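Given next are the chains, with one letter for each unit.
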Amino acid sequence: MSSYEGVDFYRVDDLLSDEEKAIREAVRAWVEDRVLPIIERHYQEGTFPTDLAREMGEMGFLGANLSGYGCPGLNNVCYGLICQELERGDSAIRSFASVQGSLVMFPIHAYGSEEQKQRWLPRLARGEAIGCFGLTEPDFGSNPSGMITKAEDRGDHYLLNGAKMWITNGTLADVAVVWAKLDGVVHGFLVEEGMEGFSAPEMTGKHSLRASVTSELVFSDVRLPKENLLPGIRGLRGPLSCLNNARYGIAWGALGAATGCFHSATEYAKSRIQFDGPIARFQLVQDKLAWMLREITKGQLLAWRLGRMKDEGTLQHEQVSLAKMNNVDIALRIARTARDIHGANGILGEYPIMRHMANLESVYTYEGTHDIHNLVLGRWITGIPAFT
Amino acid sequence: MKIGICAKVTADTDARLSPSADGGSFEFSGKSVVGPYDMFAVEEAVQTKEKHGGDTVVFTVGAESDVLSQLRGSVLALGVDKAVIVEDPALANADALGVARALAKAIEAEGVDLVFCGKQAIDDDNVQVPAMIAGLLGWAQVSRVTAFAVDGTSFTATRAMDGGIKQVVSGNLPVLITAERGLNTPRYAKLPAIMKAKKKPTERRDLAALGLSAEAVAPKVSTSAYGSPPERPSGKIIEGDTDTVVAELVRLLREEAKVL
Ligand SMILES: Cc1cc2nc3c(=O)[nH]c(=O)nc-3n(C[C@H](O)[C@H](O)[C@H](O)COP(=O)(O)OP(=O)(O)OC[C@H]3O[C@@H](n4cnc5c(N)ncnc54)[C@H](O)[C@@H]3O)c2cc1C
């Protein structure tokens, strides 16, 4: 395959600073050296490349948009570009970084005590400790407010009971940010690996995000020290603010997967000979490629604008919903169309297509399903919530 | 110790070079990078600084607007402290000797006593500038180095000879080293370092500032034309069942290609 240069049809690069571009190039080079050569094997074998965790930390990919406590302190556009390049490698690698940075480090950074920050953030930033985020339960996905997991105040400790499901990094994690009800109100707790009564069995049999670890978290009478409560937040706003950060990264990340598929489809169409010429000469194939370029270009402008608004501090969460649902939706459809253009070859691990396509099915659902984001926009437009 | 690096911003390894329409210059499509051999030089300079302390400075000849972001992103971000860019209209058509003169003066002005270069840039395959710099400065030069150590004012270097033989040489500073593949493994730029590289000093010098006249860098060799290699003749596809194909292939290899 010829060298990958991304797609920049509308010169969105002109809207980036030299440093932002240099950061994207650095992440891209790292992904080409460290992720692309090994990821297909991990996907097939259903394993996460754990040795990349520390490297990602060293490179400054983890908690990239947080400052202090050993965090890289980059702006949000840089964080987005990191997600974009990581997801061009594989959604599992981007998911790892999203969970670690936006779902674990962010709440500790924003809502944690000074001791919690000192204890966890530097190690999480370096990738020496791994975190996971437990919100979803077997019976409560799109409706987390119904969660059953609960903590009881037992004077000198909290007693935690319940179960979480679909938790990225769960089995690998040294610390879990777990959302549970305390006197009927959602609170965040730091549950540590090895605590008695806490287990995190891996879920197997996935057809998507196979290079990512997904787990259950089971709590049976876990005695949590009082200082393991996140003191700075109460209510569902806590987990939702985390998700909002992670979704922002996904809006960029999906573009990486989409661009990877577009690139592969274009190269393939130009080199695949049928009816005595490259299939790229057929109008039907060109229509598909032109559509991909169109959607990627629109998605890039959405992501860029979103990033600048986030850096200015003017971002509304509905705007994140629109970008997450749009960019994941087009990425998934681009992956499917790219699969079609690759013909039978599209189902082989030799090309990244089917892997991206299967991964994006999860990305479409997690961090708020596509339709939940539709409902968020519906509520913004009409003022009438359709989902509470 | 003050350590210098000479680095050229050039076409990426997989960029396609092609003569311009009038044949007077060459163009490339794709992105520009600091050449891969120069990156070994950068890494060695940074490692030497990490071991022995000191300052590192990268030198290049080129238009600041073309080279600065590459120098920041791939040289300063790796730990080099400063960049000196020699830019002058008189250097636009300079030959290797002109470039070497400009770099030698800049190196002298910085008071550097150890310089690392790539063994060559990867565009024009000229392989002249480092040796000329060493000659102009009256320094020792060791080329195609695969291992290097400095101790006080003396150095030891291992260089690659024909047939895989290794030659170990030693001498005293100042010295100019050219880096061969295998000297080290260049590190990745860490993202926070890329942001910090923005604040590192970069200095632009013209020929006057270096005490050179335009005549001093006037080319002694000028390019009259660039030409493309001849198109490769297209291959032959032999059709038929295996026996026919093999027989025909053997016949062609023997009679047409004359390799059997
Ligand atoms: C690989 C993977 C990793 C994950 N990682 C994590 C993690 O790290 N931490 C975590 O907490 N969770 C994680 N999740 C869980 C994820 O966030 C949930 O799957 C998601 O919130 C959807 O919940 P659900 O699967 O229960 O689907 P449901 O909520 O049951 O939804 C099923 C369908 O019903 C639709 N629907 C639901 N409610 C409405 C409504 N009111 N109106 C219209 N349609 C509706 C949905 O849009 C969807 O189409 C992960 C999931 C996957 C697949």
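## Here's the deal with the overall build of chain B
Okay, so step 1: Scanning chain B from N- to C-terminus turns up 6 helices and 13 strands.
Okay, so step 2: With the C-alpha coordinates of chain B rotated into their principal frame, the extents come out at 70 × 45 × 40 Å.
Okay, so step 3: Here chain B holds 260 residues, and the buried ones make up 37% of them.
Okay, so step 4: Expressed as a percentage of contacts within chain B between residues at least 6 apart in sequence, the contacts between residues at least 24 apart total 72%.

## Topic: the domain arrangement of chain A
Residue and element names in this part refer to chain A.
Okay, so step 1: Along its sequence, chain A is organised into domain 1 (12–126), domain 2 (131–228) and domain 3 (237–382).
Okay, so step 2: Each of domain 1 and domain 3 has a C-alpha centre, and these two points are 20 Å apart.
Okay, so step 3: On the domain 3 side, the residues contacting the 27 residues of domain 1 number 27 residues.
Okay, so step 4: Taken together, the elements giving at least two residues each to the side of domain 1 that touches domain 3 come down to α1 (18–45), α3 (76–89) and α4 (91–111).
Okay, so step 5: Ranked by residues supplied to the side of domain 1 that touches domain 3, first place goes to α3 with 11 residues.
Okay, so step 6: Residues that form the side of domain 1 that touches domain 3 fall into these classes: 13 nonpolar, 8 polar and 6 charged.

## With respect to the confidence of the model for chain B
Predicted coordinates in areas of low pLDDT are best not read in detail.
Okay, so step 1: Per-residue pLDDT for chain B averages 91, and the proportion of residues at 70 or more is 100%.
Okay, so step 2: Predicted as a complex, the structure gets a pTM of 0.91 and an ipTM equal to 0.87.

## With respect to the site of the ligand
All names here are of chain A.
Okay, so step 1: Around the ligand, 20 residues are found, and the nearest of them are L135, T136, G141, S142 and T369.
Okay, so step 2: Its residues placed into classes, the shell around the ligand shows 10 nonpolar, 9 polar and 1 charged.
Okay, so step 3: Domain assignment of the residues forming the shell around the ligand places at least three in each of domain 2 (131–228) and domain 3 (237–382).

## Comments concerning the pairing of strand β12 (residues 175–179) of chain B
Looking down a regular strand, the side chains alternate between one sheet face and the other.
All names here are of chain B.
Okay, so step 1: Extensive coverage of β12 is indicated by the burial of 5 of its 5 residues.
Okay, so step 2: Alternating positions in β12 separate into two faces, V175, I177 and A179 on one and L176 and T178 on the other, with burial throughout.
Okay, so step 3: Bridge analysis of strand β8 (residues 114–118) against β12 gives 5 bridges, and the strand direction is parallel. Residue pairing in the sheet places C117 in a bridge with T178 of β12.
Okay, so step 4: Pairing geometry for strand β9 (residues 140–151) and β12, over 4 bridges, is parallel. Considered in β12, the bridge of V142 is made with I177.

What counts, and at which threshold
- Residues numbered from 1 in each chain as written.
- Chains lettered and ligands numbered in written order.
- Predicted model: local features only at pLDDT ≥ 70, side-chain atom pairs only at ≥ 80, totals over all residues.
- Helix = DSSP H or I, 4+ residues; strand = E, 2+ residues; numbered from the N terminus.
- Buried ≥ 20, exposed ≤ 12 C-beta atoms within 10 Å, placed from the backbone.
- Contact = placed C-beta atoms within 7 Å.
- Domains from an automatic or database assignment.
- Nonpolar A, V, L, I, M, F, W, Y, C, P; charged D, E, K, R; others polar.
- pLDDT = per-residue confidence, 0-100.
- Near = placed C-beta within 6 Å.
- Pairing = 2+ DSSP bridges.

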